[in-house]
Amino acid sequence: DFSKAMSQAGTSQFQEVIRQELEYSMKVELDKILATASSHELEHTKKDLEGFKKLFHRFLQEKGPSVDWGKIQRPPEDSIQPYEKIKARGLPDNIASVLNKLVVVKLNGGLGTSMGCKGPKSLIGVRNENTFLDLTVQQIEHLNKSYNTDVPLVLMNSFNTDDDTKKILQKYSHSRVKIYTFNQSRYPRINKETLLPIAKDVSYSGENTECWYPPGHGDIYASFYNSGLLDNLIGEGKEYIFVSNIDNLGATVDLYILNHLMNPPNGKRCEFVMEVTNKTRADVKGGTLTQYENKLRLVEIAQVPKAHVDEFKSVSKFKIFNTNNLWIALSAIKRLQEKNAIDMEIIVNPKTLDGGLNVIQLETAVGAAIKSFENSLGINVPRSRFLPVKTTSDLLLVMSNLYSLNAGSLTMSEKREFPTVPLVKLGSSFTKVQDYLRRFESIPDMLELDHLTVSGDVTFGKNVSLKGTVIIIANHGDRIDIPAGALLENKIVSGNLRILDH
């Protein structure tokens, strides 16, 4: 046993030496990069690289999945409240004064590349020519006009989306919403083999675009604080932010949740509220809330030991998942940020660049910080508050008559008999937005649709109706044109169907 202990000590000593060498090499490389910064880039580049260094240090310390599966427990009953209970409290007469304490923050760092679009995802048209950003501004403007309030919109951009977003913002200069932006950090991608940055200087245009990445939305706390905007908003008397992904069209300001935060029934305010919703089979990979070491904790699939992944995905054991709609106290962000006390697990995201180089990016998730805040709470909200548009299949749903649009908010049509959305799977011919739009002369009537699968070279004429389960498969080399005015109910269409103009 003595020799075993000695060899273990030797191994850990050896690993420690390697760690120190890696950290030293990283520091040398980062200093070289910093030396290429111009005087006006120096300050923020320094802050970015400092933040990256801390993350890299933690990455070298941590090994394997970051949760001990044996310690995971179901959250206590009262730590996840049903939305109905919160809504049942009603609203106070002075709801406007409560609203004036709120700031809406949208995570706007993502590009539309997964849907074949260049530029920020928030500028993709989703409904009647309106983009994600248009709908967000309309929602907040409607709120400010209805209650005579001043709820501002804050966009967290990344270096990928900042320029394009700022150009577009000019069109809202006369709207009744103050709009602020700040940028999340810019971190260097790491060569998977050498664990050194692939960037050689600070530039991120041309061939250097692939050298840098925005480090996930967990970066919001540091970037918001560093931008000075957090202090300004606290100075204006703002108390809570409502944070959500800009592509989640269900994430509108909820007055009942806001009232619960500002006027808690037990007099003790929550610093952090996470909206969760019930899992369906489509959400098995979503992060879930658990009780861990007497704190609410978000556990993501990447943190789960391989042997327990199926258990994690089970709908019966973990019934809810995180919608990433979060309500957070500004004063708490400031306090924790100044103490360097926000603890978020590191997500290691492997990528292969165009030239074939394998890199990793170190990221964090905004919801993972829940365990650092006091008196955190989960609220189990209706599924309608989670309406993300990640693919053109999602886009088809939100463009259809399943939803009606009112003041920037989408609500499910009352004509739909059941409140769940149909399952839609569009094949690879529809992946890019421009291809998808070309294949629909108009969006079909989907009020009575349960399931739609489309594969291959398929186009839809005007005024098509889809009901029940519809499966349309054009084999390789075939083409199917669904004629104008067609009604497909519980149909499988395959083979070749051409409509020719005579």
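Residues numbered from 1 in each chain as written. Predicted model: local features only at pLDDT ≥ 70, side-chain atom pairs only at ≥ 80, totals over all residues. Heavy atoms only, no water.

Under an unreviewed UniProt entry, the name given to the protein chain is UTP--glucose-1-phosphate uridylyltransferase, and the organism recorded is Bucorvus abyssinicus. Quoted verbatim from the Sequence similarities (unreviewed entry) heading of the UniProt record, the comment on the protein chain is "Belongs to the UDPGP type 1 family." Checking UniProt for the protein chain, the heading Catalytic activity (unreviewed entry) contains the comment "alpha-D-glucose 1-phosphate + UTP + H(+) = UDP-alpha-D-glucose + diphosphate". (UniProt positions renumbered as here; feature names shortened; annotations may be inferred.)

Draft legend 1. Geometry of the overall build of the protein chain. When you go through the protein chain residue by residue, the secondary structure sums to 13 helices and 25 strands. The C-alpha radius of gyration computed for the protein chain amounts to 25 Å, which stays within 12% of the reference 23 Å derived for 502 residues, consistent with globular compactness. Along the three orthogonal principal directions, the C-alpha set of the protein chain runs to about 80 × 60 × 55 Å. The burial tally for the protein chain puts 49% of its 502 residues in the buried class. With 61 positive and 59 negative side-chain charges, the protein chain shows a separation of 2 Å between the mean positions of the two kinds. (Helix = DSSP H or I, 4+ residues; strand = E, 2+ residues; numbered from the N terminus. Rg over C-alpha atoms; globule rule 2.2 N^0.38 Å. Buried < 20%, exposed > 50% of the residue type's maximum accessible area, 1.4 Å probe, protein only. Lys, Arg positive; Asp, Glu negative; His and termini not counted. Charge placed at Lys NZ, Arg CZ, Asp CG, Glu CD.)

Draft legend 2. Just the domain arrangement of the protein chain, in detail. The domain boundaries assigned to the protein chain delineate domain 1 (67–383) and domain 2 (390–492). Inter-centroid distance (C-alpha atoms) of domain 1 to domain 2 is 30 Å. The partner domain 2 presents 18 residues to the 19 residues of domain 1 that form the contact. Roughly 1,400 Å² is buried in total at the junction of domain 1 and domain 2, and carbon and sulfur atoms are behind 58% of that figure. Of all residues in domain 1, Met115, Arg127 and Leu249 give up the largest surface area on contact with domain 2, accounting jointly for 42% of the area buried on that side. The salt bridge partner of Asp247 is Lys390, with a shortest N-O separation of 2.9 Å. Summed over the shared surface of domain 1 and domain 2, the number is six residue pairs in polar contact (both at pLDDT 80 or more). (Domains from an automatic or database assignment. Contact = heavy atoms within 4.5 Å. Buried area = accessible area lost by both parts, 1.4 Å probe. Salt bridge = Lys/Arg side-chain N within 4 Å of Asp/Glu carboxyl O. Polar contact = N/O pair within 3.5 Å; in protein donor to acceptor, adjacent residues only side chain to side chain.)

Draft legend 3. Geometry of the nonpolar core. Counting residues in each nonpolar core, the largest one holds 107 residues, and the members touching the most others are Ile220, Tyr221 and Phe460. Ranked by residues supplied to this core, first place goes to helix H5 (residues 132–147) with six residues. When sequence neighbours within four positions are dropped, the list of residues in contact with Phe460 reads Phe430, Arg439, Phe440, Glu441, Pro444, Val454, Leu466, Ile472 and Ile482. Listed in part, the 26 residues of the second largest apolar core include Leu30, Ala37, Ile190 and Ile360. (Core = buried A, V, L, I, M, F, W, Y, C linked by side-chain atoms within 4.5 Å.)

Draft legend 4. Structural detail: helix H6 (residues 162–169). Within the sequence span of H6, burial applies to Asp162, Thr165 and Leu169. Taken end-on, H6 shows its buried residues confined to a sector of 70°, consistent with a single buried face. Across H6 from its buried face, at more than 90 degrees, point the exposed residues Asp163 and Lys167. The elements touched by buried residues of H6 are strand S2 (102–108), H5, strand S5 (153–157) and strand S6 (179–183). (Arc of directions from axis to C-beta.)

Draft legend 5. Geometry of the UniProt feature "binding site: UTP" (unreviewed entry) in the protein chain. In the numbering used here, UniProt assigns the feature "binding site: UTP" (unreviewed entry) to Lys121, Gln184, Gly216, Asp247 and Lys390. Along the chain, the position of Gln184 falls in the loop between S6 and strand S7 (187–188). Residue classification places Gln184 among the buried positions, given a relative accessible area of 9%. Of note, Gly216 is situated in the loop between strand S9 (212–213) and helix H7 (220–226). Under the relative-accessibility criterion, Gly216 is labelled buried at 15%. Dropping the residues within four chain positions of it, Gly216 is found in contact with Gln184, Glu363 and Thr364.

Draft legend 6. Inspection of the UniProt feature "binding site: substrate" (unreviewed entry) in the protein chain at higher detail. In the numbering used here, UniProt assigns the "binding site: substrate" (unreviewed entry) feature to His217. Mapped onto the fold, His217 is located in the loop between S9 and H7. Owing to a relative accessible area of 27%, His217 belongs among the partly exposed residues under this scheme. The residues contacting His217, other than those within four sequence positions of it, are Leu107, Met156, Asn245, Asn324, Thr364, Ala365 and Val366.

Draft legend 7. Here's a closer look at the environment of Pro388. Structurally, the position occupied by Pro388 is in the loop between strand S17 (377–380) and helix H12 (392–399). Sequence separation between Pro388 and Glu43 is 345 residues; the distance between their C-alpha atoms is 36 Å. Look past the residues within four positions of Pro388 in its chain and what remains in contact with it is Asp247, Asn248 and Asp394.

Draft legend 8. Main features of the packing of aromatic side chains. Taken as a whole, this structure holds 15 aromatic pairs when the rule is applied. The interplanar angle of 85° and the centroid separation of 6.2 Å between the aromatic rings of Tyr187 and Tyr213 together place this pair among those described as edge-to-face. A residue pair is termed long-range when its members are at least 10 positions apart, and Tyr187 in strand S7 and Tyr213 in strand S9 qualify at 26 residues. Given the relative accessible area of 7%, Tyr187 is considered buried. On the basis of relative accessible area, Tyr213 is assigned to the buried category, the value being 1%. Aromatic side chains Phe312 and Phe318 sit 6.0 Å apart centroid to centroid with 40° between the ring planes, which places their arrangement in the tilted category. Taken individually, Phe312 and Phe318 each receive the classification buried, so the pair is uniform in this respect. Through a chain of ring-to-ring contacts, the aromatic side chains of Phe52, Phe56, Phe59, Tyr187 and Tyr213 assemble into a single cluster. Cation over ring: Lys279 sits above Phe312, and NZ or CZ is 5.3 Å from the ring centre. The ring of Phe430 carries Arg439 above its face, with NZ or CZ at 5.5 Å from the centroid. (Phe/Tyr/Trp six-rings, centres within 6.5 Å; stacked < 30°, edge-to-face > 60°. Lys NZ or Arg CZ within 6 Å of the ring centre and 35° of its normal.)

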